[in-house]
Amino acid sequence: MAFTFFILNSLNSHGALVHPHPHTLSLFLHQIHLLLSSLSLLSSSPSRSSHHPLSLSHPQTILRIRTPPSKPPRQTRPYNHSPHSLSSRHFHRRSISGPPGPRSKRRRFLQPPRIPPTSKIINSNQHNINSAFYGPTWRLLRRNLTSQILHPARVRSFSGTRKWVLDTLIRSLKSESETKESVKIIEHLQYAMFCLLVFMCFGERLDERQIRGVENVQRRLLVNFNKFNVLNLVPRVSRILYRKRWEELLQIRKEMEEVLIPLIRARKKVKEDRDRNADHDEGEDKVQNADHEDEGVVSYVDTLFDLELPEEKRKLDEGELVSVTTEFLNAGTDSTATALEWIMANLVKYPHIQERVFEEIKEVMGNKRGQDNNNKEVKEEDLNKLPYLKAVILEGLRRHPPGHFLLPHAVSEDVVLNGYLVPKNGTINVMVAEMGWDPKVWENPMEFKPERFLRSEGEEVFDITGSKEIKMMPFGVGRRICPGYNLAMLHLEYFVANLVWNFEWKAANGIVDLSEKLEFTVVMANPLQWVKINVDGAAKTNDSLISCGGVIRDNNGSWILGFTRSLGSGSALLAEIWGILLDITKGLDRGFGNIIIESDSLAAVHLVNKECNPDHPLRDIITKIHRLMSQAQNVKVVHVYREANRLANALASYASSMSDRESIFENVPNFCNHIFSEDFRKVCFPRRVSSQAFC
Ligand code: HEM
């Protein structure tokens, strides 16, 4: 097994890099980023940083930024272990790296990192599973979750809810695909997972407005959490310096309580009524129909009301209930939705794999693709008959684990690992993604090849918990392994199977971009089914009359839309800026979120990419551009040479021969057909450059 991780000491220690590296500075910055990320101990985030090209690329490299203060490194005898022999018994509490050895030795690795102030607010001072120290409270909360909600029988009791969520998802995907050119599926997946987890948490099918209310406040927390990390560095000072941020954090916490406490109270009442009626109902047959289907359901919050904290000998208060339910909602939604999107993206990118999944389902379902009304759902009990589907899910988790790191773990006392001292309280981040990509363990690791998980008859299925051998760990391993891994696998299999059965998936413009970006989890930088477009802007002066023109093309260079507009009199720069404004407007109108605007005016590109001077004569229009840019997912304005911008120039020039103020071209117009086809064929043109360019 490739054993790749790195270690960060506490901030107030000092020392030197133990392991020199050519990219020391970049690494240091990266690690500071990671350190900041790791301080954000919000439970639900398995990820603390994206894969970075400069992060440790060699298995077994351990980096320590600083050694502990005055203590000289103790010469503890290094554990002599081969990374290939690690198994989950070496992983305990929030610790990851415990080598084989007696129990007492292994436990040296078991201390969780210190909890930063911002996290204390969100986690009610460590009263939830992920932030609790290993001890009675953690044990109580974790055991409650696994035995009361994640137990197979209880998971089965939610199968009606999964069907309801699936139907909602399919309906919303269908209706959006009928009205829009492309559908951004991640939003649908996130909402679906939210519906599911909100129901499991509160036992009620809330309406869309209520679910969106819960989702919005949770999402605000996730999206902004890294921003609050600065409040953890010298908290007393940063609270004054970043007062607004501090207030924003408190505001989010307040909103979480405003949204969740009414649901908690309503559920408490339902439970009390139910308990009161229990005696009365005894012996009577329960009416089971669609309206009453959810009546007897035991939700997560039901199981929390009566828990008694072992150390404090009291029940959880409302604030703590908010923290524990928030953990549940966040842990199971973003991670699963992100994994789903990655898996679906690979099925789109590799149609032969999608086809094989479909054929396997067809064997079991024995009918045409989701067309027969009685045959639209791939049922949960059928999933076990679909080994190739399982292999696809595992390959998706190996190749694109939603979290590139586990939650941070800390060592409880100095320990030497592979010859390096891991000082007490050092925080360890395990590089999950690197493990899944280790060429020593996986053949051609960057290839998406589900076959590697197929087993011949009689062979043991792949063990994702790493109890015998650890080859990857998208859910962690050992005592702190994700308790929801079985539920997550069920959700992934059920939704992928049904999405493939009900739709044929194709890329909106033939391209699936598998680049990554770090949000709360490591997500697709260019979400599935989004169209990435190129837009050119240009201007032509004619006496003082100006015009602009632009063309929207997709990644392949295919024509989407062209336009040209007369602008009256003004400067060439004004025309260029107008061109950019119209480009963004038209791109957004067409529902495109990823827009690259190419302009041959360096001045215009500089102007829109910078803060605008308040005295600048074009300030109003530039402010408008900035506002539009903030509405889109991703807009870039870049400079290209005039030769690369001939099409937009031709369109801009055409304005002088038009009677209308603006013309829109849905197809390539004749007057620029030849330029378009040369661009399409990528015909090159010589460019005169100054000799200095070669110096
Ligand atoms: C694809 C989906 C999921 C992935 C990839 C995932 C991954 C992880 C990872 C990597 C950890 C940290 C393990 C460690 O630090 O050693 C974790 C912890 C956790 N996960 Fe998940 N998870 C997923 C879904 C879920 C679901 C559905 C739930 C519950 C409904 C859940 C609940 C938790 C909890 C409570 C913890 C903290 C455990 C502890 O500290 O003892 N997760 N998860």
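What you see is a predicted model, and the numbers here were worked out from it, not measured in a lab. (Residues numbered from 1 in each chain as written. Predicted model: local features only at pLDDT ≥ 70, side-chain atom pairs only at ≥ 80, totals over all residues. Heavy atoms only, no water.)

1. Thoughts on the overall build of the protein
- In terms of helices and strands, the protein carries 21 helices and 15 strands.
- Scored against the burial criterion, the 695 residues of the protein give a buried share of 54%.
- The long-range fraction of contacts in the protein, counting pairs at least 24 apart against all pairs at least 6 apart in sequence, stands at 75%. (Helix = DSSP H or I, 4+ residues; strand = E, 2+ residues; numbered from the N terminus. Buried < 20%, exposed > 50% of the residue type's maximum accessible area, 1.4 Å probe, protein only. Contact = heavy atoms within 4.5 Å.)

2. What to know about the coordination of the iron atom of the ligand
- Of all protein atoms, Cys-482 (SG) alone acts as a donor to the iron atom of the ligand, lying 2.3 Å away.
- Inspection of the secondary structure assignment puts Cys-482 in the loop between helix H15 (432-436) and helix H16 (485-502). (Donors = N, O, S within 2.8 Å, 3.2 Å for Na, K, Ca; no water.)

3. Examining the packing of aromatic side chains
- Inspection of the entire model under this criterion finds 14 aromatic pairs.
- Considering the side-chain rings of Tyr-134 and Trp-138, the 5.2 Å spacing of their centres and the 45° angle between planes classify their relative orientation as tilted.
- Classification of Tyr-134 by relative accessible area gives buried; the value is 16%.
- What links up through ring pairs into an aromatic cluster is the set Trp-442, Phe-453 and Phe-462.
- In this structure, Arg-398 packs its charged tip against the face of Trp-442, placed 5.4 Å from the ring centre.
- Lying across the ring of Trp-442, Lys-471 places its NZ or CZ 5.1 Å from the centre. (Phe/Tyr/Trp six-rings, centres within 6.5 Å; stacked < 30°, edge-to-face > 60°. Lys NZ or Arg CZ within 6 Å of the ring centre and 35° of its normal.)

4. So, the pairing of strand S7 (residues 427-430)
- Alternating residues of S7 divide into Thr-427 and Asn-429 and Ile-428 and Val-430, and every residue in both groups is buried.
- Note that strand S4 (residues 409-410) and S7 share two bridges and pair antiparallel. The residue bridging His-409 from the neighbouring strand is Ile-428, located in S7. (Pairing = 2+ DSSP bridges.)

5. Overview of the pattern of salt bridges
- This model, assessed by the stated rule, comprises 26 salt bridges.
- The partner of Lys-254 in a salt bridge is Glu-258, and the shortest N-O contact between them spans 3.5 Å. In this pair, Lys-254 and Glu-258 are both assigned in helix H10 (residues 243-281), four residues apart and thus about one turn of the helix distant.
- Residue classification places Lys-254 among the partly exposed positions, given a relative accessible area of 45%.
- Assessed through its relative accessible area of 48%, Glu-258 is described here as partly exposed.
- Note that Glu-493 and Lys-390 form a salt bridge whose closest N and O atoms lie 2.8 Å from each other. (Salt bridge = Lys/Arg side-chain N within 4 Å of Asp/Glu carboxyl O.)

6. Overview of the packing of helix H7 (residues 185-202) against helix H12 (residues 318-349)
- At a minimum axis separation of 8 Å, H7 and H12 run at an interaxial angle of 145°. Seen along the crossing, H7 lies across H12 with a hand that is right-handed. Contact residues: Ile-185, Ile-186, Leu-189, Gln-190, Met-193, Phe-194, Leu-197, Val-198, Met-200, Cys-201 and Phe-202 in H7; Thr-325, Phe-328, Leu-329, Gly-332, Thr-333, Asp-334, Thr-336, Ala-337, Thr-338, Leu-340, Glu-341 and Met-344 in H12.
- Counted by class, the contact of H7 with H12 contains 15 nonpolar, six polar and two charged residues. (Axes fitted to C-alpha atoms, helices over the stretch in contact; angles between N-to-C directions. Left-handed = near helix turned anticlockwise from the far one by under 90°. Nonpolar A, V, L, I, M, F, W, Y, C, P; charged D, E, K, R; others polar.)

7. Some words on unusual backbone geometry
- For Gln-126, which is not glycine, the phi torsion reads 65° and is therefore positive.
- Within the element layout of this structure, Gln-126 appears in the loop between helix H3 (117-122) and helix H4 (136-149).
- Even without being glycine, Lys-313 reaches a positive phi, approximately 55°.
- Along the polypeptide, Lys-313 turns up in the loop between strand S2 (308-309) and strand S3 (314-315).
- Overall, the relative accessible area of 60% leaves Lys-313 in the exposed class.

8. Details of the UniProt feature "binding site: heme" (unreviewed entry) in the protein
- As annotated by UniProt and renumbered to match this structure, "binding site: heme" (unreviewed entry) occupies Cys-482.
- Residue classification places Cys-482 among the partly exposed residues on the basis of a relative accessible area of 27%.
- Among all residues touching Cys-482, those that are not within four sequence positions of it are Arg-142 and Phe-475. (UniProt positions renumbered as here; feature names shortened; annotations may be inferred.)

9. Concerning helix H8 (residues 208-224)
- Between its terminal C-alpha atoms H8 stretches 24 Å, which fits the 24 Å expected from 17 residues at 1.5 Å a residue.
- All of the buried residues in H8 are Ile-211, Val-214, Glu-215, Val-217, Gln-218, Leu-221, Leu-222 and Asn-224. (Expected span 1.5 Å × (residues − 1).)

10. A word on the layout of surface pockets
- A volume near 900 Å³ is recorded for the largest pocket.
- Going through the elements one at a time, helix H5 (152-156), helix H14 (387-399) and H16 are the ones with two or more residues in the lining of the largest pocket.
- Of the residues that constitute the lining of the largest pocket, the class distribution is 17 nonpolar, five polar and nine charged. (1 Å grid on protein atoms, 1.4 Å probe; cavity = no way out; pocket = protein on both sides within 12 Å on 5 of 7 lines; lining within 4 Å. Points joined across faces, edges and corners; volume = space filled by probe spheres on them.)

11. With respect to the side chain of Arg-452
- Relative to the helices and strands, Arg-452 is located in the loop between H15 and H16.
- For Arg-452, a relative accessible area of 17% puts it in the buried group.
- Within the structure, the side chain of Arg-452 is placed 3.0 Å from the backbone oxygen of Glu-447, a separation counted as a polar contact.
- When neighbours within four sequence positions are excluded, Arg-452 is seen to be in contact with Glu-395, Arg-398, Trp-442, Glu-443, Asn-444, Pro-445 and Glu-447. (Polar contact = N/O pair within 3.5 Å; in protein donor to acceptor, adjacent residues only side chain to side chain.)

12. Quick word on the pairing of strand S15 (residues 662-665)
- The two faces of S15 differ: Ser-663 and Phe-665 on one face are buried, but Glu-662 and Ile-664 on the other face are not.
- Bridge analysis of strand S12 (residues 559-569) against S15 gives four bridges, and the strand direction is antiparallel. The residue bridging Phe-563 from the neighbouring strand is Ile-664, located in S15.

13. What about the nonpolar core?
- Membership of the largest hydrophobic core comes to 109 residues, with the highest contact counts inside it found for Phe-202, Tyr-300, Phe-328, Leu-329, Ile-361, Phe-495 and Val-496.
- In terms of residue count, the dominant contributor to this core is H7 (15 residues).
- For Tyr-300, the contacting residues outside a window of four places in its chain are Ile-129, Asn-144, Leu-145, Ile-149, Met-200, Cys-201, Val-324 and Phe-328.
- Membership of the second largest hydrophobic core comes to 31 residues, among which are Ile-595, Leu-607, Cys-612 and Ala-632. (Core = buried A, V, L, I, M, F, W, Y, C linked by side-chain atoms within 4.5 Å.)

14. What to know about a negative patch on the surface
- Together, Glu-355, Glu-359, Glu-363 and Glu-504 make up a negatively charged patch on the protein surface.
- Residue position: Glu-363 is located in helix H13 (residues 351-365). (Patch = residues over 30% accessible without salt bridge, like charges linked within 9 Å, V, L, I, M, F, W, Y side chains within 5 Å. Areas by Shrake-Rupley, 256 points an atom, 1.4 Å probe, with all protein chains shown as cover. Lys, Arg positive; Asp, Glu negative; His and termini not counted. Charge placed at Lys NZ, Arg CZ, Asp CG, Glu CD.)

15. Regarding the packing of H12 against H13
- At a minimum axis separation of 5 Å, H12 and H13 run at an interaxial angle of 105°. Here H12 lies roughly perpendicular to H13, going by the angle between them. Each of Leu-347, Val-348 and Lys-349 in H12 lies in contact with H13, whose residues at this interface are Pro-351, Ile-353, Gln-354 and Val-357.
- Class assignment for the residues of the contact of H12 with H13 results in five nonpolar, one polar and one charged. (Parallel < 35°, antiparallel > 145°, perpendicular 65-115°, else oblique.)

16. Points about a nonpolar patch on the surface
- Taken together, the side chains of Leu-233, Val-234, Val-237, Leu-241 and Tyr-242 define a hydrophobic patch exposed on the protein surface, amounting to about 450 Å² of accessible area.
- Relative to the helices and strands, Val-234 resides in the loop between H8 and helix H9 (235-241).

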